[in-house]
Structures are given as C-alpha cells and as structure tokens.
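Notes for the structure review
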Amino acid sequence: MVGVTSTEKTFAVGFAFLECEKEGNFRWALEVCLSLLKKQFEMPNAIVTDCDPALMNAVAKVFPSSNTLLFRYHILCNVRSKVKLAVGRKQVATEGGKVVKPGVIADQIMDARVRIANSSTKELYADAVFTILDKVKEKFDCLRTDKVRHLGNTTTNKVESAHATLKNWLCDSKGDLCKAWDTINHMISNQHNEIQTPFGRSIMVLEHRFKNNIIYSQLIGNVSRAGLNYIFHRENQGETIDGDTAKCGCIITIMHGLPCACAISKKVRLCEPITMNEITPHWKRLSFDDDGCVEEDSNISIISELERYKRGF
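Residues numbered from 1 in each chain as written. Predicted model: local features only at pLDDT ≥ 70, side-chain atom pairs only at ≥ 80, totals over all residues. Heavy atoms only, no water.

Overview of the packing of aromatic side chains
To describe a pair of aromatic rings, you give the distance between the ring centres and the angle between the ring planes. Put simply, the test is: Aromatic rings from Phe, Tyr and Trp, taking only the six-membered ring of Trp, are treated as a pair when their centres fall within 6.5 Å; an angle between ring planes under 30 degrees marks them as stacked, one over 60 as edge-to-face, and anything in between as tilted. Only when the NZ atom of a Lys or the CZ atom of an Arg is both within 6 Å of the ring centre and within 35 degrees of the ring normal do we say a charge sits over the ring.
Counted according to the given criterion, the structure contains three aromatic pairs. Geometry around F232 places R209 over its ring, the cationic atom sitting 4.6 Å from the centre.

What about the pairing of strand β3 (residues 46-49)?
Defined as follows: Two strands pair if DSSP finds at least two bridges between them. Numbered from the N terminus, helices here are DSSP runs of H or I no shorter than four residues, and strands are runs of E no shorter than two. By convention, orient the strands away from the viewer: a clockwise path from the first strand over the helix to the second makes the crossover right-handed.
Note that β3 and strand β4 (residues 67-70) share four bridges and pair parallel. Following the sheet pairing, V48 is matched in β4 by L69. Following the chain from β3 across helix α2 (residues 53-62) to the adjacent parallel β4, one finds a crossover that is right-handed.

Focus: α2
To keep it simple, the criterion reads: For each residue, the accessible area found with a 1.4 Å probe, counting protein chains only, is set against the maximum for its type, and the residue is called buried under 20%, exposed over 50%, and partly exposed in between. Throughout, a contact is declared for two residues whenever any of their heavy atoms are within 4.5 Å. Side-chain atoms alone can form a polar contact between residues adjacent in sequence; in general such a contact is a pair of N or O atoms within 3.5 Å, and within protein one must be able to donate a hydrogen while the other accepts it.
Residues of α2 that are buried include every one of A54, L55, M56, A58, V59 and V62, and no others. Buried residues in α2 make contact with α1 (23-35), β3 and β4. Capping of α2 at its N-terminal end is provided by D52; its side-chain oxygen lies 3.0 Å from the backbone amide nitrogen of A54.

Quick notes on empty space enclosed by the protein
Rules: Of the grid points, spaced at 1 Å and generated over the protein atoms alone, those admitting a 1.4 Å probe that cannot get out make up cavities, while open sets with protein on both sides within 12 Å along at least five of seven lines make up pockets; any residue with an atom within 4 Å of a point is treated as lining. Grid points are joined across faces, edges and corners, and a volume is the space filled by probe spheres set on the points. Under the convention adopted here, Pro, Cys and the residues Ala, Val, Leu, Ile, Met, Phe, Trp and Tyr are nonpolar, Asp, Glu, Lys and Arg are charged, and Gly plus all remaining residues are polar.
For the structure on display, the rule yields two cavities of 30 Å³ or more. By volume, the largest cavity amounts to about 50 Å³. Surrounding the largest cavity, S202, V205, L206, E207, F210, I220, G221, R225 and L228 form its lining. Class assignment for the residues of the lining of the largest cavity results in five nonpolar, two polar and two charged.

Overview of the nonpolar core
Note the cut-off: Only buried residues count toward a nonpolar core. Its members are Ala, Val, Leu, Ile, Met, Phe, Trp, Tyr and Cys residues joined through side-chain atoms within 4.5 Å.
Counting residues in each nonpolar core, the largest one holds 22 residues, and the members touching the most others are Y216, L219, I231, C248, I274, I279 and W283. For this core, the elements supplying multiple residues, two or more each, are α8 (225-241) and α11 (261-270). Ranked by residue count, the leading element in this core is α8, at five residues. Ignoring anything within four residues of it in the chain, the contact list for I231 reads Y216, L219, L258, P259, I264, I274 and I279.

Quick look at the environment of M43
Following the sequence through the fold, M43 ends up in the loop between α1 and β3. Counting along the chain gives 23 residues from M43 to S66, while the straight-line C-alpha distance between them is 6.5 Å. With sequence-adjacent residues up to four places away left out, M43 is seen in contact with L34, L37, F63, S65 and S66.

A few points about the packing of α8 against α11
Short version of the rule: Every angle, taken between N-to-C directions, lies between 0 and 180 degrees, and every axis is a line fitted to C-alpha atoms, over only the stretch in contact when it is a helix. Any angle between 65 and 115 degrees counts as roughly perpendicular, while under 35 counts as roughly parallel, over 145 as roughly antiparallel, and the rest as oblique.
One way to put it is that α8 packs onto α11 with a least axis distance of 8 Å and a crossing angle of 80 degrees. By the angle between their axes, α8 is roughly perpendicular relative to α11. Where α8 approaches α11, its residues I231, R234, E235, Q237, G238 and I241 are matched on the opposing element by A261, C262, I264, S265 and V268.

A word on the pattern of salt bridges
Formally: Here a salt bridge means any side-chain nitrogen of Lys or Arg lying within 4 Å of a carboxyl oxygen belonging to Asp or Glu.
Applying the stated criterion across every chain, the model contains five salt bridges. Between E207 and R225 there is a salt bridge, with the nearest N and O atoms lying 3.1 Å from each other. Placement of E207 in the loop between α7 (177-204) and α8 and of R225 in helix α8 is noted, with a sequence separation of 18 residues between them. A relative accessible area of 18% places E207 in the buried class. On the basis of relative accessible area, R225 is assigned to the partly exposed category, the value being 24%. Close ionic contact of E278 with K267 constitutes a salt bridge, the shortest N to O distance being 3.0 Å. With a gap of 11 residues between them, E278 in the loop between α11 and α12 (303-311) and K267 in helix α11 connect regions that are remote in the sequence. Residue classification places E278 among the partly exposed positions, given a relative accessible area of 30%. Connected through shared salt-bridge partners, E207, R209 and R225 make up one network.

Quick word on the packing of α1 against α2
Rules: Note on convention: near helix rotated counterclockwise from far helix by under a right angle means a left-handed crossing. Clockwise means right-handed.
Viewed as axis vectors pointing N to C, α1 and α2 meet at an angle of 35 degrees, and their least axial separation amounts to 8 Å. Our pair here, α1 against α2, has a crossing hand that is right-handed. Facing α1, whose interface residues are E23, F26, R27, L30, E31 and L34, α2 presents A54, L55, N57, A58, V59, K61 and V62.

Thoughts on the side chain of E235
Rule in force here: Counted as positive: Lys and Arg. Counted as negative: Asp and Glu, with His and the chain ends omitted from the count.
In this fold, E235 is placed in helix α8. Nearest to the buried, unbridged E235 among oppositely charged side chains is R209, at 8.5 Å.

Thoughts on the environment of R209
If you trace the backbone, R209 turns up in the loop between α7 and α8. The spatial distance from the C-alpha of R209 to the C-alpha of F232 is 8.7 Å, given a sequence separation of 23 residues. With near-sequence residues (within four places) excluded, R209 lies in contact with N229 and F232. Within polar-contact distance, the side chain of R209 engages the side chain of N229 at 3.1 Å.

Encoded structure:
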C-alpha cells in the first residue's frame, strides 16, 4: 500500500504478508491500516485498485466513505482480449467491397471505447455501450472520476513501482521474516530522506517564475512546488479562457483542490493573491508531523497476531 506526498513523491503506507489473496486477507490488512491512522475521522479521498473483486469488496467494507477507482490499464487489457475473441480471425468485407482485417476492426472498437471512457460531459457519454459494466463504470470513466479528489492518482503505477523497489531491496525470496523486517526498515529510512529533501526545497527555494508575483505571495514556502506548478499552468490557461467558467470546467478544483484557471484569471485582473484557504491541506503538508516517532501511549501491538501464529503450531 502506498500514498503520495504533496511533492508527488510515493511513500509506503504499509506492508503485509498474506497467505492468499482472498477478501478476508485483504480486509485484515486494510483494517490494520485503518487502525493506524492518526486521525480516524479523516478517511482517504480516493483509493485506486486493480480489478480484483476480493480487494474491491474489502476496500468498500473497510473504507466505505472513500471513492474507489479502478486502474484503467487492467480494464483496457480485459476489454481488448474480449474484443479480439468476439471479432475472431476472419477478414470482414465492407459494403464497398473492401476487405478489413480483424486487427483493424478490434483497434476501431478499442478507439471508440477510449473516446467514450474519456467523455467529459453527459452529452458525449454513451451509457448503452457500458451496459455490461454498469456496476463499475463510475470507478474509471472520466465523467465520474473527474468528480473525485484523487489528486491525479488514477493508476496503480506507483504501487507497481514501489513493489519493484521493495524486491530490489530484498534481493531474493529466501530470507526469513526478520531479514525482511530489517530490509524494509532500512528502505523506509532511505525513503524518509528522499521525501524530506523536496519538502525542504519547497520551503527554502524560490523559483524565478514566482518571484515578485502577487498571485503567489501567500503560497511561497507554504505550498509544495508541485502544487505551485499546477497553479502556474492554470494561470497560463486563464489567459486564453478570459474567466469563462464553461471553457474552464473547474476540474482541477475538484480533482486537486487547487484554484482553477477562471478563478486565477480573476485574481490577476484584481491583483489579488491566492489565499491559503483556497488550497486543500494536502498541498500544504511540507513536514512529518511526528518525524516518524511513535507515541508512548500508542496501541500498536502484534500480541494477537503472535498468539494466533503460536496456535498454528
């Protein structure tokens, strides 16, 4: 399980050794993760998973208030395999007598599917095409995911990258639990330093493009450089939309919790700064709250798991 910092660095939320990939196993791992959250009332806004029914069910039960999104790549692979099977291997003759290869037909169907999935308005969205996917379509098509504050995280690439990094640290699968524990501990310490560096850069380093610009006067040193970069690009976009809300769409406000192009263009005309209240807390987190220390009254314990392990022998 991984998360993303305000500087868009991936960090490990937790590691779990599972006997199998059943719903009960996933639910146990997620419940442990839930119990370790410092603020129990702050649930993740969005959780991205692959199309594993057991995992999806577990996430829905443990984090019922979180928006669950599916990684599009896995859906694309599944759809493509079904399309190829349906099209078959025979060439098809069109009304004009032209022969079309099955691969071309499959590509045309996939292109049509991508256009529908990327529809940003109800007018462009064709519900009939997704009849078979009614139960999960709200988890991946743009019309619905653009209404979720996922901070740009709509794929599981970060998880797969973190998994590859973990395997590089472990070197092989022959070590015992103690060796794995020590290796993961070293990896997290290294990760801590990698995350701290861009935090410090966001606080201390002033980029030339933000210098002497009243729009960013309250944000410099208080908002991550990644967040400022999003705002900067929306400021440039604001020059073309001229405050038109319809052209803007205000998607970034919903997905990232940052001012949109039309709002920024108004600030520019009035020579007013963007206030901190207009920035979602995620982009303002530039430090570790407890610097990785566990409080003395922490309830973290492995006694119940240890007793269960002993009973198994």
